[in-house]
Structures are given as structure tokens and as C-alpha cells.
Amino acid sequence: MVEKAERKKQLKAKRRAAGLCVECGAPSYPYSRCEVHRENHAYGKRKLREKYKKSGRCITCGRKLDKDIDGDNVTCSICIEDRVLRANMADIGI
Ligand SMILES: [Zn+2]
Ligand SMILES: [Zn+2]
């Protein structure tokens, strides 16, 4: 795992040095990210979650939450079920 992360770091450094987007390798000089990834990076996953939360959407998938079904949860029933299922699978070793 450490090796993989290190390789990723090296790839990013290489791309940056070549004037390419560190995320996808598209030409992005003089920036270290292309336009798409610059925006994504600035926005960030956390901000997206906040946005979903504020607009009453599931913070995991962005689906509109239903008060009757989902109550005060910030994740929808489908994502919760998904998580439970995955946890159960981990429990029995799948
Ligand atoms: Zn990119
Ligand atoms: Zn969801």
C-alpha cells in the first residue's frame, strides 16, 4: 500500500514538472491541474457533502432524502442498507 502511494506521488511530481494535470495528465501549464480538476479540487468532497446536506440530499450519493423514509438521516436508506450489507459481508469474510 505504501509503495502504491509513493508511486502515485512520483507520478504527480512528474506530471507537474512536465506542465501536465497531476490528476489526469492533460496539458495544464502553467497550472498543476487542468480546468476540470482545478475546479474539482477547489470544491472538494467535503464541500459537496455540505452542499448535499444543506439541500436535504444524501451526503453519499446525492439522492433527495424523503423525511418519511429517511427521517433526520443525512444518508438515504439505500446507502445505509448498502453500508449494513457491506459490514455484514465483512463480518462473514466475503
Ligand atoms: Zn485533469
Ligand atoms: Zn444515498
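Everything numeric here is computed off the predicted structure, so don't read it as measured data.

J.: Before we go on, may I ask you to explain the overall build of the protein in this structure?
T.: The number of helices and strands found in the protein is 4 helices and 0 strands. The linear arrangement of helices and strands in the protein, starting from the amino end, is α-α-α-α. On C-alpha atoms alone, the protein measures out to a radius of gyration of 19 Å, which is more than a quarter above the 12 Å that the 2.2 N^0.38 rule sets for 94 residues. Viewed in the frame of its principal axes, the protein has a C-alpha envelope of about 50 × 35 × 15 Å. A total of 94 residues make up the protein; the buried ones form 11% of that total.

J.: Explain helix H2 (residues 35-54) here, please?
T.: Counting along an α-helix, one turn takes 3.6 residues, and residues three or four places apart therefore face a common direction. The first and last C-alpha atoms of H2 sit 26 Å apart over 20 residues, in line with the 28 Å expected at 1.5 Å per residue. If you look at H2, its biggest bend is around 65°, right at Gly44. Residue Gly56 follows H2 closely and has a positive phi angle near 70°.

J.: For this particular structure, what's the right way to read unusual backbone geometry?
T.: For residues other than glycine, phi is negative in most cases, and the peptide bonds are mostly trans. Here Tyr29 and Pro30 are connected by a cis peptide whose omega angle stands at 5°. Along the chain, Pro30 falls in the loop between helix H1 (2-17) and H2.

J.: Help me understand the domain arrangement of the protein, please; the structure alone is not making it clear to me.
T.: Where interface size is given, it is often the accessible area lost as the parts come together that is meant. Partitioning the protein into structural domains gives domain 1 (1-54) and domain 2 (60-94). Relative to domain 2, the C-alpha centre of domain 1 lies at a distance of 29 Å.

Calculation criteria
Residues numbered from 1 in each chain as written. Chains lettered and ligands numbered in written order. Predicted model: local features only at pLDDT ≥ 70, side-chain atom pairs only at ≥ 80, totals over all residues. Helix = DSSP H or I, 4+ residues; strand = E, 2+ residues; numbered from the N terminus. Rg over C-alpha atoms; globule rule 2.2 N^0.38 Å. Buried ≥ 20, exposed ≤ 12 C-beta atoms within 10 Å, placed from the backbone. Expected span 1.5 Å × (residues − 1). Bend = angle between axes of the 7 residues up to and from the residue. Domains from an automatic or database assignment.

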